[in-house]
Amino acid sequence: MHTRSLSACAAVAGLLLLGACSGGTKAGDSAANTVDAAPAAPAAAKMPKAGLWELKTTSAGVAVPAMKVCVGETKPGDNPFVSKQPGANCAKNNVTSNASGYDIDLECTQNGMTVATKGSVTGDMSSAYKVEMATSMKGANLPPAAQKETKVVIEAKYQGACPADMQPKTAG
């Protein structure tokens, strides 16, 4: 049961591109130079269209119940995926643009647990996008079965405007 919770946690973390990182490095910075805010997405990269997105996640081959997330308007350099979390320390927090979307390379520690993720985001960002990642977790409080690589795939489809009672970067 604990391992299943951790896999679900990894999937949710993936939904926000490991928003557990409150600071990190921008592409090209050294790991020692951390910033105090969530990393900005590369200015040239496409951002998801503002509105409600349905996210279908598969973690370690198991489908997680679909989730709806409200994404707000973004300005160049903003990152709608990453939420600042107090107490997290990120040795790596790189989201770099490529021809089809983003490459992700993150490593963050919080509450004695280290989460490392490598992956990509692809799609047109106006009607659909797909996140594919490999995440590993380590920590003294985690059982050995949870300290392995987990593959997470998130398929997002645009649903329309966010409901009036839902704020950007929130899930419902």
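The text that follows walks through the structure, step by step, so that each part is easy to find. (Residues numbered from 1 in each chain as written. Predicted model: local features only at pLDDT ≥ 70, side-chain atom pairs only at ≥ 80, totals over all residues. Heavy atoms only, no water.)

Comments concerning the pairing of strand E4 (residues 101–110)
Within a regular strand, side chains alternate between the sheet's two faces.
Item 1. Sheet topology places strand E3 (residues 89–98) next to E4; nine bridges connect them, and they run antiparallel. Across the sheet, residue Asn98 finds its bridge partner in E4, namely Gly101.
Item 2. Counted along the chain from E3 to the antiparallel partner E4, the turn is two residues long.
Item 3. Connecting the antiparallel pair E4 and strand E5 (residues 113–123) is a turn made up of two residues, with Asn111 showing a positive phi of about 50°. (Pairing = 2+ DSSP bridges. Helix = DSSP H or I, 4+ residues; strand = E, 2+ residues; numbered from the N terminus.)

Structural notes on the pairing of strand E7 (residues 149–160)
Item 1. Sheet topology places strand E1 (residues 51–59) next to E7; eight bridges connect them, and they run antiparallel. The partner of Lys56 across the bridge, within E7, is Glu155.

Brief notes about the nonpolar core
Item 1. Of all hydrophobic cores here, the largest spans 17 residues; its most connected members are Leu55, Tyr102, Val121, Tyr129, Val131 and Ile154.
Item 2. If you list the elements that add at least two residues to this core, you get E1, strand E2 (62–71), E4, strand E6 (128–139) and E7. (Core = buried A, V, L, I, M, F, W, Y, C linked by side-chain atoms within 4.5 Å. Buried < 20%, exposed > 50% of the residue type's maximum accessible area, 1.4 Å probe, protein only.)

So, unusual backbone geometry
Item 1. Phi is positive for Ala60, which is not a glycine, with a value near 55°.
Item 2. Inspection of the secondary structure assignment puts Ala60 in the loop between E1 and E2.
Item 3. With phi around 65°, Met125 is a residue other than glycine that occupies positive phi space.
Item 4. The topology assignment puts Met125 in the loop between E5 and E6.

Quick look at the pattern of salt bridges
Item 1. Overall, the coordinates contain three salt bridges when judged by the stated rule.
Item 2. A salt bridge links Lys92 to Asp105, with the nearest nitrogen and oxygen atoms 3.8 Å apart. Of this pair, Lys92 sits in strand E3 while Asp105 is found in strand E4, placing the two residues 13 residues apart along the sequence.
Item 3. Among the salt bridges present, the one from Glu149 reaches Lys151, with a minimum N-O distance of 3.4 Å. Neither Glu149 nor Lys151 differs from the other in exposure class; each is exposed. (Salt bridge = Lys/Arg side-chain N within 4 Å of Asp/Glu carboxyl O.)

A short note on the state of the cysteines
Item 1. Under the counting rule described, the total for this entry stands at two disulfides.
Item 2. With its sulfur 2.1 Å from that of its partner, Cys70 forms a disulfide with Cys162. Between Cys70 and Cys162, the S-S dihedral sits near 105°, and the bridge is therefore right-handed. With Cys70 in strand E2 and Cys162 in the loop between E7 and strand E8 (170–171), the pair connects residues that are 92 residues apart, well separated along the chain.
Item 3. Among the residues examined, Cys70 registers a relative accessible area of 2% and is labelled buried.
Item 4. In this model Cys90 forms its disulfide with Cys108; the gap between the sulfur atoms is 2.2 Å. Linking Cys90 and Cys108, the disulfide has an S-S dihedral of approximately 100° and is accordingly described as right-handed. One end of the pair, Cys90, is in strand E3; the other, Cys108, is in strand E4, with 18 residues separating them in the sequence. (Disulfide = S-S within 2.5 Å.)

Shape descriptors only; they carry no functional weight alone.
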